Each structure stands twice: as C-alpha cells, then as structure tokens.
Amino acid sequence: MANATRLTITMPARSVTVRLPASSRFQVISHGLQGPPGTLSAEILQQVSEARHATQQLGSMMAALTQEFTYYGGSISAQEDDTP
C-alpha cells in the first residue's frame, strides 16, 4: 500500500495507525464495439452531430443574452446621463 493515506493516533501507552487505500485517479469507460482505426460508428457520429447542434444553440442563446445585457446597460446609462 505505497499509495495510501496514513493516519497515526498516539495515545498514552498506545499508538494506532490506520491506512486507507488511495482513491482511483482515473477510470476507464468503454462502450460499444471497436471498428477499424480512424473510423467512428454511426451512433458516435450522431452523438457528435447532436452535441454540435446543442453547442450552436447555446452559443446563439448566449449571444442573445449578451445583447440584452448590453442594450439594458446602455439604456440605464443613458437615463442616468439625462438626469440633472
């Protein structure tokens, strides 16, 4: 257990050491079948397409929100400038 967490508790006339195994630093996940090198299955290509579409929608939404903040920030600033 070289890669472990060690806790030593020292009491009068006794010493207790507790060793806990370290948690895994990585995890291997596999799914589906492996094809020839450099090719992706139709399922993976579909997932990539859906992810790309979702990313584009998110980008459009963020751009719209940014424009709204800019518009309202400008409106508030203009109103503050008009006050005597």
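Fair warning: this is a prediction, and the values are worked out from it, not measured in the lab.

Caption draft 1: Looking closely at the overall build of the chain. Of the regular secondary structure elements, the chain holds one helix and two strands. Mapped from its N terminus to its C terminus, the chain presents α and β elements in the order β-β-α. By the burial criterion, 0% of the 84 residues in the chain qualify as buried.

Caption draft 2: Here's a closer look at a nonpolar patch on the surface. Side chains of I9, M11, V16, V18 and L20 sit close together on the surface and give an oily, nonpolar patch of about 380 Å² of accessible area. For the nonpolar patch, the element with the highest residue contribution is strand β2 (residues 14-21), accounting for three residues. Of note, M11 is situated in strand β1 (residues 4-11). Look at M11 and you get partly exposed, because its relative accessible area is 39%.

Caption draft 3: Representation of the confidence of the model for the chain. Residues with a pLDDT of 70 or more make up 69% of the chain, whose mean pLDDT is 76. Put simply, β1 is where the chain has its lowest mean pLDDT, 70, and helix α1 (residues 42-82) is where it has its highest, 83.

Conventions adopted
Residues numbered from 1 in each chain as written. Predicted model: local features only at pLDDT ≥ 70, side-chain atom pairs only at ≥ 80, totals over all residues. Heavy atoms only, no water. Helix = DSSP H or I, 4+ residues; strand = E, 2+ residues; numbered from the N terminus. Buried < 20%, exposed > 50% of the residue type's maximum accessible area, 1.4 Å probe, protein only. Patch = residues over 30% accessible without salt bridge, like charges linked within 9 Å, V, L, I, M, F, W, Y side chains within 5 Å. Areas by Shrake-Rupley, 256 points an atom, 1.4 Å probe, with all protein chains shown as cover. Salt bridge = Lys/Arg side-chain N within 4 Å of Asp/Glu carboxyl O. pLDDT = per-residue confidence, 0-100.

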